[in-house]
Amino acid sequence: MKPAPFDYAAPASLDEAVSALATAGGDAKVLAGGQSLIPMMALRLARPTRLVDINRLPGLDGIREASGMLEIGALVRQRALERWAATRSPLFAEVLRHIAHPPIRNRGTVVGNVVHGDPASELPALLLCLEGVVVARGPRGERMIAADRFYRAPLTTALAADELATAVRFTLPPAGAGWGFAEVSRRHGDFALVGAVAVIALAADGTVARARLAFFGAGGTPMRGLALEQALAGRAATRALVAEGARAAAAALSPDADIHATAAYRRQVAATLAERTLAAALARCGGPR
Amino acid sequence: MTRTIRVTVNGQEHERAAEVRQTLADFLREDLELTGTHLGCEHGVCGACTVLLDGEPIRACLMLAVQADGRSVTTIEGVAPADGLHPVQEAFWAKHGLQCGYCTPGIIMSTCAFLREQPAPSREEIREMLAGHLCRCTGYHFIVEAIEAAAKALAPPTARPTHQKE
């Protein structure tokens, strides 16, 4: 057997789950879809002393859209959100189909992917782009953690060891807004070498009311493209301005080098993808989102 | 640490004690002796261990056996009718969609679920689906052709597309 021995808890209620985490002395891991955790355990990169399997918890499998927010419960599989998005959100549909492969998405959860915090993964960047929030439940009650403050380092988040993420909330792009998504990977379904996702909303006079850009695979956490957001705010989004802002946003990144790509390559691709996603977002303004 | 689980595999119910750290793939192969489910990478990349869980393809190496309690699993052994091959298997045979055959059970399981959702896929869609399966004989061209042939064989006569998109 590949994983190291562990104690297995399959709680029937949220309170039991939180208490199973709290009593494990910081060495417990939550098991939802297991598509990141089980490989790490198989390679013994992770050796939790206790697994808290939340798959039997009631009420965590809902996808709820209300007052401009999309709330996704901790047991919603990526495939379920993909199916939901097929008729309701081309942005979410496009992002979801880039996450691994159908057999992975059938088990992997949206919240699990967000909380695992792989900097090259799509959903953490989407959460950052859409001003998302992680809903965390711990022994001290429930708290909301904004995406901006959630990611600290690769696979390291603001979630405490005794906290369970029960849901994530995305702010849906407002009516009239446009979106763009692009990534470069070696094969479809691989982690991105670099990727970007953008949303833009225009004011009545055609100037940019709000622009939001997030990169993935371009540093230790998903990264906002602040330089581009600020360059565009309140101005007409000309091609020249977008290109200039994209270069500035990419220059502010500190991507890692690995066997797949150098840091310089990642920064250059990030600039190109920022420009492309913004151009796509501008072209889609007023369309489905 | 073990737990007793009840799982239906290929229509047959089993009640067994499973070590909590045993993967579903090892449970199928070692406890139920269903060795058609192959193990390649054992961390979710290669796709050889793909089985159907309540009809949906999943990686059997990335699920604990205890998580299959109360669920229904279909493996490659449960695909064919008693008297022959499933149309997807038939198409792989006819189109030489396998060489060494190690990756084949996983690909067949994914293909069965894929064609149920996308009965007339384009070549690009087939290739996107196959990105989740590694064939180290690199026989992908014939695998794509086999899946196209399987789609045609499975399509009801009225729903058959007049031409396949490239």
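First, a word on what this report is: a plain description of the structure on this page. Values in this document were obtained by computation on a predicted structure and should not be read as measured data.

All names here are of chain A. Spatially, the four strands line up as an open sheet ordered β11-β12-β13-β14, and their pairing is antiparallel. The strands lining the two open edges of the sheet, one partner per strand, are β11 (178-184) and β14 (223-224). Note: strand β13 (residues 208-216) against β14, two bridges, orientation antiparallel. Counted as the bridge partner of F215 is M223 from β14. Packing of helix α7 (residues 122-129) onto the sheet brings it into contact with β11, β12 (194-202), β13 and β14, and relative to β13 it is tilted by some 160°.

Let's shift gears to the interface of chain B and chain A. Contact residues are listed per partner, giving 29 residues for chain B and 33 residues for chain A. If you look at where chain B meets chain A, you find four salt bridges. Note that E128 of chain B and R97 of chain A form a salt bridge whose closest N and O atoms lie 2.7 Å from each other. Our count for the contact surface shared by chain B and chain A stands at ten residue pairs in polar contact (both at pLDDT 80 or more). Of all the secondary structure elements, the ones that give two or more residues to the side of chain B that touches chain A are β3 (50-53), β4 (56-59) and α3 (104-117) of chain B. Considering each element in turn, the side of chain B that touches chain A owes the most residues, four residues, to β4 of chain B. Considered class by class, the residues forming the side of chain B that touches chain A number twelve nonpolar, seven polar and ten charged.

Residue and element names in this part refer to chain A. Pairing is antiparallel in the open sheet, where five strands are placed in the order β4-β5-β10-β6-β7. Whereas interior strands pair on both sides, the edge strands pair on one side only; in this sheet they are β4 (63-66) and β7 (141-146). Mean inter-strand twist for the sheet, computed between neighbouring axes without regard to direction, equals 20°. Note that strand β5 (residues 69-73) and strand β10 (residues 164-171) share five bridges and pair antiparallel. Pairing of I72 across the sheet is with V168, part of β10. Along the sheet, α7 contacts β6 (133-138) and β10; its crossing angle with β10, the most-contacted strand, is approximately 55°.

Scoring rules and cut-offs
- Residues numbered from 1 in each chain as written.
- Chains lettered and ligands numbered in written order.
- Predicted model: local features only at pLDDT ≥ 70, side-chain atom pairs only at ≥ 80, totals over all residues.
- Heavy atoms only, no water.
- Pairing = 2+ DSSP bridges.
- Helix = DSSP H or I, 4+ residues; strand = E, 2+ residues; numbered from the N terminus.
- Contact = heavy atoms within 4.5 Å.
- Axes fitted to C-alpha atoms, helices over the stretch in contact; angles between N-to-C directions.
- Salt bridge = Lys/Arg side-chain N within 4 Å of Asp/Glu carboxyl O.
- Polar contact = N/O pair within 3.5 Å; in protein donor to acceptor, adjacent residues only side chain to side chain.
- Nonpolar A, V, L, I, M, F, W, Y, C, P; charged D, E, K, R; others polar.

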